[in-house]
Amino acid sequence: MAHGIAFSLVPHQLWNFWHTGPSDSTSFSWTASVLILSLVGLAWSLSRKSSTRLRTGIGTNGIAPVCPPEQLKDDLKGGVANAYALERELTVPFDVGDVRVSKILMHPIKSCRGTSLQEARYTPEGLEYDRKWCIVEAESHNIITAREVGKMVLITPKVEVDAASPYGGRLTVSFPADSDCETFSVPLNPTDDLLASWPVIEECRMFGVYLVEGYVVSSTLDGPGSRTPSEILSDYFGRAVYLVMKGPRPRECPPTQAFPKLQETAKFQDGYPFLVASQESLEEVRRVVSAFAQDESPEAKIGGIDRERWRDGGVEIERFRPNIVFKGSGVPFAEDMWRRVRIHPSESESMDASADEARTFTLVSKCTRCLLPNVDITTGARDAAVPYKVLLKFRRNKDPARMSKPCFGCNAVVGGTGVVRVGDRVEVLEWAGGIGV
């Protein structure tokens, strides 16, 4: 702190020196010493600020410098030290190459295991059957997620479509073998007569914010004497819970900074009908996780990280629970900069120009992440560090509404009803500036 104190004395001493002159040689020497020490301190301070800016990727104007994607790719070839590169803004537009849908994931029951599909129908409220059901506490009606109960990810719901069934098919729910909970099946699309016999919960509470209407699923397709879904699930959870199906009352999506008048609805998704991400973004997360796991320097320290477990950076995309995964841009987090995309059928299929709006997805915000992706999808155990603490190192300050939260993937809405398939081509129609969507 010596340089700071010395610098604070300079204006007063210089004023006296230049306007009254030196009273003696001692005074002159002392003042000159103060001046030299102050200049040295100022230079040291500026060099530290410049070094900090370089390390964090912050430019001299206080914001992230713009970065061409080609330079970003080169910067990302290094280890932990180069993670700062992702703090920079990408210049847009840039060539995204041949981007395709590489994976489709549907999660029938909120926070339970998802299903990988080759194709899926969708509506403006999301993929068909995605988050159509949830599990709530019987007393409070709070919606339960794997954030609190990690073993939810081990419950496996499976949609079985059957055109001959009066319910269009069934939802079959199975449990880990060591749970002693039996598999059960419920109607996929209950008839009005059946719904009339099911209790209604007017206010299923999600995050203390959303109040969602739902039916308590009270019938199975398993024959006389079968236990109800809620009885079986209560055994699994060790407390009284209900299996709930989304009711007809619309559940509004929250507005975003880019869309303050957003008028969309969803089912039991956290916020929005769709979550999209890219394979390139996942690969970059894996690279950075691996780099932190292998780098034992103080600068790379992350509390609680299992270095051996994460040496290969093996984070699965299923942990992030997206609906549609893209591949082909070659640039990590390219989707951050896409405002509107259109998903076209593969070239082998005919194109219907009238359906363009129904194939157009608008990315309304980035998805800020919680600790749920830390839950191991094969064991239900929550990791102490990965990926959340690693994401905090290089994916914060991305969402204007929640700058302290790390981001992965983007929330999206769509203009109509359609079908998305693995292999479909993705066209970027509109780009977002600044820090992206």
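Turning next to the overall build of the protein chain. On a plain count of helices and strands, the protein chain comes out with seven helices and 22 strands. Counting across all 437 residues of the protein chain, residues that qualify as buried make up 49%. Across the protein chain, the fraction of contacts at a sequence separation of at least 24, relative to all contacts at a separation of at least 6, is 68%.

Next up on the list: helix α6 (residues 279-294). For α6, with 16 residues, the first-to-last C-alpha span of 23 Å sits near the 22 Å given by 1.5 Å per residue. Within α6, twelve of the 16 residues are buried, which leaves the element mostly enclosed by the surrounding structure. For α6, the full list of buried residues reads Gln279, Glu280, Ser281, Leu282, Glu284, Val285, Val288, Val289, Ser290, Ala291, Phe292 and Ala293. Where α6 is buried, its residues meet β16 (274-278), β17 (324-327), α7 (388-394) and β20 (407-414).

What follows is about the pattern of salt bridges. Summed over the entire model, instances satisfying the criterion amount to 21 salt bridges. Of the charged contacts in the structure, one is a salt bridge between Arg147 and Asp270, with a shortest N-O distance of 2.4 Å. You can see Arg147 sitting in the loop between β7 (133-137) and β8 (156-161) and its partner Asp270 sitting in the loop between β15 (265-266) and β16, a full 123 residues away along the chain. In this structure Asp270 comes out as partly exposed when scored by relative accessible area, which is 31%. Between Arg359 and Asp356 there is a salt bridge whose closest N-O contact spans 3.7 Å.

The next thing to look at is the sheet that holds strand β6 (residues 126-127). Pairing in this open sheet of three strands is antiparallel, and the strands run β6-β5-β21 from one edge to the other. The sheet is open, and its two borders are formed by β6 and β21 (418-421), each paired with just one other strand. Two elements, strand β5 (residues 119-123) and β6, share two bridges in a ladder whose sense is antiparallel. Note that in β6 the partner of Thr123 across the bridge is Gly126.

The subject of this paragraph is the packing of aromatic side chains. One pass over the full model with this rule turns up eleven aromatic pairs. Relative to Phe408, the ring of Phe320 has its centre 4.0 Å away and its plane inclined at 25°; by these criteria the two rings are stacked. Taken together, the positions of Phe320 in the loop between α6 and β17 and Phe408 in strand β20 put the pair 88 residues apart, joining distant regions of the chain. With respect to burial, Phe320 and Phe408 carry one shared label: buried. On the basis of an interplanar angle of 65° and a centroid distance of 6.3 Å, the ring pair of Phe333 and Phe394 is categorised as edge-to-face. You can see Phe333 sitting in the loop between β17 and β18 (338-344) and its partner Phe394 sitting in helix α7, a full 61 residues away along the chain. Residue Phe333 shares its accessibility class with Phe394, and that shared class is buried. Members of the aromatic cluster, joined through ring pairs, are Phe175, Phe184, Tyr236 and Phe237.

This paragraph deals with the sheet that holds strand β9 (residues 169-174). Pairing is antiparallel in the open sheet, where three strands are placed in the order β8-β9-β10. The outermost strands of the open sheet, each flanked by one partner alone, are β8 and β10 (184-187). When strand polarity is set aside, the average angle formed by the axes of neighbouring strands in this sheet is 25°. Bridging between β8 and β9 involves six bridges; their strand directions are antiparallel. Considered in β9, the bridge of Val159 is made with Leu171.

Attention now goes to helix α5 (residues 229-237). Of all nine residues in α5, seven are buried; the element is thus mostly enclosed. Where α5 is buried, its residues meet β7, β10, β12 (210-216) and β13 (241-246). At the exit of α5 stands Gly238, carrying a positive phi of roughly 75°.

Our next topic: the environment of Lys327. The residue Lys327 is located in strand β17 in this model. Sequence separation of Lys327 and Asp98 is 229 residues, and the distance between their C-alpha atoms is 8.2 Å.

Glancing now at the confidence of the model for the protein chain. Considering every residue of the protein chain, the mean pLDDT works out to 85; 78% of them sit at 70 or more. Under a pLDDT of 50 for its full length, residues 79-85 has, in the predicted model, 16 contacts with residues more than four places off or in other chains.

Another point: the nonpolar core. Formed by 64 residues in total, the largest nonpolar core has its most connected members in Ile135 and Phe237. Each residue touching Phe237, except ones within four places of it in the same chain, is listed here: Ile135, Ile144, Val149, Met152 and Ile155. Ranked by size, the runner-up nonpolar core spans 22 residues in total, among them Ala277, Val285, Ala300 and Phe333.

Cut-offs and rules
- Within each chain, residues carry numbers counting from 1 in the order of the written sequence.
- For this predicted model, a pLDDT threshold of at least 70 governs which residues receive local features, and a threshold of 80 or more governs which side-chain atom pairs are given and counted, while totals over whole chains, interfaces and linings are taken from all residues.
- Excluded from the side-chain calculations are hydrogens and water; all other atoms, namely the structure's heavy atoms, are used.
- Only runs of H or I of at least four residues qualify as helices and only runs of E of at least two qualify as strands under DSSP, and these elements are numbered from the N terminus.
- For every residue, the accessible area (1.4 Å probe, protein chains only) is compared with the maximum for its type, and the residue is labelled buried under 20%, exposed over 50%, or partly exposed between those bounds.
- We call two residues in contact whenever any of their non-hydrogen atoms come within 4.5 Å of each other.
- Each residue after the first adds 1.5 Å to the expected span of a helix.
- By salt bridge we mean one thing: a side-chain nitrogen of Lys or Arg within 4 Å of a carboxyl oxygen of Asp or Glu.
- Here, any two strands with at least 2 DSSP bridges between them count as paired.
- The rule is short: rings of Phe, Tyr and Trp, with Trp giving its six-membered ring, pair when the centres are within 6.5 Å, and they are stacked under 30 degrees, edge-to-face over 60, tilted in between.
- Comment: axis = line fitted to C-alpha atoms, over the contacting stretch for helices; angle = value between 0 and 180 degrees taken between N-to-C directions.
- Within a predicted model, pLDDT stands for the predictor's per-residue confidence, ranging from 0 to 100.
- We define a nonpolar core as any set of buried Ala, Val, Leu, Ile, Met, Phe, Trp, Tyr and Cys residues linked to one another through side-chain atoms lying within 4.5 Å.

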